[in-house]
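Structure at a glance
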Amino acid sequence: EVVDVSGHHLIPGGIDMHVHFREPGYTHKEDWGTGTQAAAMGGVTTVFEMPNTNPPTRSAIELRQKQDCAQKACVDFGLYGLLAEDNIDEIPGLIEAGANAFKCFMGNTFGNLPSPSTGAMLEGFELIAASGLRISLHAETASIMAWRQAKLEAAGLSAPLHHIAARPEVVAIEAVARAAILAEWTGARIHVLHISSAGELRPLAEAKARGVDVTGETCPCYLFLDSRDYDRLGSIIRINPPVREEKDSKAIWDALQSGVVDMIATDHAPHTPEEKRKDIIWQADCGFPGVETQMPLMLTEVVAGRMTLEHYVRISSANPARAFGLYPMKGRLAVGAHADIAVLDMAREEIVQAARLHSRGKITPFEGRKTIGAPVHTLVRGCFVQRDRMLVPDMAGHGRQVTDIQSMPEAKPKNIEMSLAHLLSAGAVT
Ligand code: NCD
Ligand code: ZN
Ligand code: ZN
């Protein structure tokens, strides 16, 4: 069999560390079949799936239940366990059952999971550090958020920008800084999810400079949308954390180029059009699908000269593979049984259309956008799952959990005494 890929580029398949496939519990929004099909169409060959399903992935029992649901995956996957206030005792069981990472919801979002106190986080970080697994943070501080929101609601504000105002960037800045200190203290590896603001970049860069093992991701909505889009998109744009100002997206672009932000993920968070189209922005469920549109949207920027294709491969595949212990088995070009590949036609023009998405969440803030460059074939471990912009039939079940190939050595605490002594000798503490 011969496939003509002349004139095309081969890149390692996308590795998306942040998707919500909604099964079990919310399968009217998505399931493991439709979610991984959307990934295959988007050139994404590995996804890490979030624990805010129903039931949430809070112990070994729910992790095994999710492994059953994921039997129908057509791309490879990792599974997130939950780190919450009330499941710290379940964490060793989750690790034992094969969790590949943890998510800690420091602020409230879809699923209404209880945000852990700093004390619970500390205990969770200690337990997880011993396993080496990375802890991904929904970095927003619940208490500041609740206080601000109550005051704004009392004042009767209902403008669209209310949404931004109620989640000021300081809720994220404080959360990143606090999590970084706990990571420094315990040795835990952390990852800052969905970076939405310029402000978060400072505590992220500072933590990296101190030697904390921290990585950061942003998502297409924070690069391509800003506050000027609220009037046009209405409640569709609702996402946590919110899309912010033009200055934020500019700063995040720069940080993605310079390496302060390590990777692009999608926060693929599908909801139905009925759940998204509301008169009042607050009534809409937060988030929207993205795993299928990320690559064409980003390749359009590559074609426009805003980023090199080499750098795109770093942020979409190599860096996530390194951060989550999948490299070099994934995150680089390989042949044969390890070939996870997206074949790109860099001249292919498409229009983003919600109705044509493979996700069950047929609504997107990128509706009508013209893209240049698309994955025309996707291979997972040497097998086509997408070919000529069509799903390959009967690939359900081809996807495997990455546990066998994941390698995350135990994480050791940084010597805090040493860094205090260093500060003293540098004259920072008198
Ligand atoms: C996510 C979802 O719908 O599960 N929504 C969102 O607005 N980002 C939850 C999350 O990632 O925080
Ligand atoms: Zn989140
Ligand atoms: Zn998310």
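Preceding this paragraph is the structure being described.
Report on the accompanying structure. Every residue gets a number counted from 1 within its own chain, in the order that chain's sequence is written. For this description, chains carry letters from A and ligands carry numbers from 1, given in the order in which they are written. pLDDT decides what is reported in this predicted model: residues at 70 or higher carry local features, side-chain atom pairs at 80 or more are listed and counted, and totals for whole chains, interfaces and linings draw on all residues regardless. Neither water nor hydrogens contribute to the side-chain values; these are computed over all heavy atoms in the structure.

1. Description of the layout of surface pockets
Think of a 1 Å grid over just the protein atoms. A cavity is a set of points where a 1.4 Å probe fits yet cannot get out, a pocket is an open set with protein on both sides within 12 Å along at least five of seven lines, and lining residues have an atom within 4 Å of a point. Grid points are joined across faces, edges and corners, and a volume is the space filled by probe spheres set on the points. What the largest pocket holds in volume is close to 360 Å³. Forming the walls of the largest pocket are 14 residues, and the residues nearest its centre are E292, E350, I351, R356 and R389. Secondary structure elements follow DSSP: runs of H or I no shorter than four residues count as helices, runs of E no shorter than two count as strands, and numbering proceeds from the N terminus. At three residues, the largest contribution of residues to the lining of the largest pocket is made by strand 10 (residues 341-351). Residues are sorted three ways: Asp, Glu, Lys and Arg are charged, Ala, Val, Leu, Ile, Met, Phe, Trp, Tyr, Cys and Pro are nonpolar, and all the rest, Gly among them, are polar. Residues belonging to the lining of the largest pocket are distributed by class as follows: five nonpolar, four polar and five charged.

2. As for the sheet that holds strand 11 (residues 370-380)
Following DSSP output, two strands are said to pair if at least two bridges run between them. Strand order in the open sheet made by the five strands is 1-10-11-12-13, with antiparallel pairing throughout. The sheet is open, and its two edges are formed by strand 1 (9-12) and strand 13 (390-391), each paired on a single side. In terms of strand pairing, strand 1 meets strand 10 through four bridges, oriented antiparallel. When the sheet's bridge partners are listed, I11 is paired in strand 10 with A342.

3. Here we look at the side chain of D248
One can find D248 in helix 11 (residues 246-258). Three labels apply to residues, based on accessible area from a 1.4 Å probe with only protein chains included: buried if under 20% of the type maximum, exposed if over 50%, partly exposed otherwise in between. Among the residues examined, D248 registers a relative accessible area of 2% and is labelled buried. Any pair of nitrogen or oxygen atoms within 3.5 Å is treated as a polar contact; in protein, a donor-acceptor pairing is required on top of that, and neighbouring residues in sequence qualify only through side-chain atoms on both sides. Only 2.8 Å separates the side chain of D248 from the backbone nitrogen of A198, close enough to count as a polar contact. The criterion used for residue contact is that any of the two residues' heavy atoms lie within 4.5 Å. Excluding its chain neighbours within four sequence positions, the residues that come into contact with D248 are E169, S196, S197 and A198.

4. Observations regarding the site of ligand 1
Here a residue is near a molecule or strand as soon as one of its heavy atoms is found within 4 Å of it. Surrounding ligand 1, one finds 16 residues, the nearest of these being R22, N52, H138, N240 and D267. Within the side chain of H18, a nitrogen or oxygen atom sits 3.4 Å from an oxygen atom of ligand 1. For ligand 1, an oxygen atom lies 3.3 Å from a polar atom in the side chain of H271. For ligand 1, whose free accessible area comes to 310 Å², the fraction covered by protein is 100%. When atoms are counted within 2 Å of each cavity's grid points, the one that captures over half of ligand 1 is the largest cavity. Shrake-Rupley sampling with a 1.4 Å probe provides the accessible areas, and residues are treated as covered by the protein chains on show and by no other component. Pocket occupancy is defined atom-wise: a molecule lies in a cavity or pocket when more than half of its atoms are within 2 Å of its grid points.

This is a description of form; function is not addressed.
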